[in-house]
Amino acid sequence: MGQFLVVLSGLVIPVMIVAIVSAGLLAKKNVYSDFVDGAKDGLKTAVEILPTLAGLMVAVGILRASGFLDWIAAGIGILTERIGFPAELVPLAVVRMFSSSAANGLLVDLYQQFGTDSRIGTIASIMMSSSETIFYTMSIYFMTVKVKKTRWTLAGALVATFAGMAASVLLGG
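### Here's the deal with the nonpolar core
Core analysis: the biggest nonpolar cluster contains 21 residues, and Phe85, Leu89, Leu92, Val95, Leu110, Ala124 and Met127 have the highest contact counts within it. Elements with a contribution of two residues or more to this core: α3 (68–82), α4 (90–96), α5 (100–114), α6 (119–129) and α8 (153–172). Beyond its immediate stretch of four places on either side in the chain, Leu110 contacts Glu88, Leu89, Leu92, Gly115, Ile120 and Ala124.

The following block contains the structure:
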């Protein structure tokens, strides 16, 4: 069964590409021209989101380097310990909402300090896979499609993230 999944996962993308190109050819579309137009739009989008992306990355770097994140984590950690959420994971939980790459750096630090098989390492791993970079995703996607009224998106995303974090403590504890 395991070998079948390895073979299947290796075929998914090539099969999807063939299916998309075939569908375009059957619809008598100029597939290459459509691809080039899509690539141009993608590059324009990348240029448009670059300032936002750079701003988020710089902000997270400043928070980490200044020690402010550790100070916040210490304060919040006192409260989270009471409900079973390890204080050591508070910085990871906060940074994860803004930057996946910065959160990965914190995750590696946690692994080095506590070990990958420790309670902290297990909860951190589950938390990383069950949470999202809310503010990054909202700022990039909403800016790209020029959404002004986000309605309940942030509230829903925060509820889902906190549910993922709570589940990580239950499953990893």
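### Some remarks on the packing of aromatic side chains
All told, the structure shown has 2 aromatic pairs when counted by the stated rule. On the basis of an interplanar angle of 35 degrees and a centroid distance of 5.6 Å, the ring pair of Phe68 and Trp71 is categorised as tilted. Of this pair, Phe68 and Trp71 both sit in helix α3, 3 residues apart, which is roughly one turn of the helix. Ring geometry for Phe98 against Phe135: centres 4.7 Å apart, planes inclined by 20 degrees, an arrangement best described as stacked.

### A closer look at the packing of helix α7 (residues 134–144) against α8
Packed helix pairs are characterised by how far apart their axes lie and by the angle those axes make with each other. The contact between α7 and α8 brings their axes to 10 Å, and the two run at 150 degrees. Relative to α8, the element α7 is oriented roughly antiparallel. Our pair here, α7 against α8, has a crossing hand that is right-handed. In this structure, α7 uses Ile134, Phe135, Met138 and Phe142 to contact α8, whose residues at the interface are Thr153, Leu154, Ala157, Leu158 and Thr161.

### Some remarks on the side chain of Thr137
By the element assignment, Thr137 lies in helix α7. Accessibility expressed as a relative area gives 19% for Thr137, which makes it buried. Dropping the residues within four chain positions of it, Thr137 is found in contact with Glu132 and Phe142.

What counts, and where the lines are drawn
- Residues numbered from 1 in each chain as written.
- Predicted model: local features only at pLDDT ≥ 70, side-chain atom pairs only at ≥ 80, totals over all residues.
- Heavy atoms only, no water.
- Core = buried A, V, L, I, M, F, W, Y, C linked by side-chain atoms within 4.5 Å.
- Buried < 20%, exposed > 50% of the residue type's maximum accessible area, 1.4 Å probe, protein only.
- Helix = DSSP H or I, 4+ residues; strand = E, 2+ residues; numbered from the N terminus.
- Contact = heavy atoms within 4.5 Å.
- Phe/Tyr/Trp six-rings, centres within 6.5 Å; stacked < 30°, edge-to-face > 60°.
- Axes fitted to C-alpha atoms, helices over the stretch in contact; angles between N-to-C directions.
- Parallel < 35°, antiparallel > 145°, perpendicular 65-115°, else oblique.
- Left-handed = near helix turned anticlockwise from the far one by under 90°.

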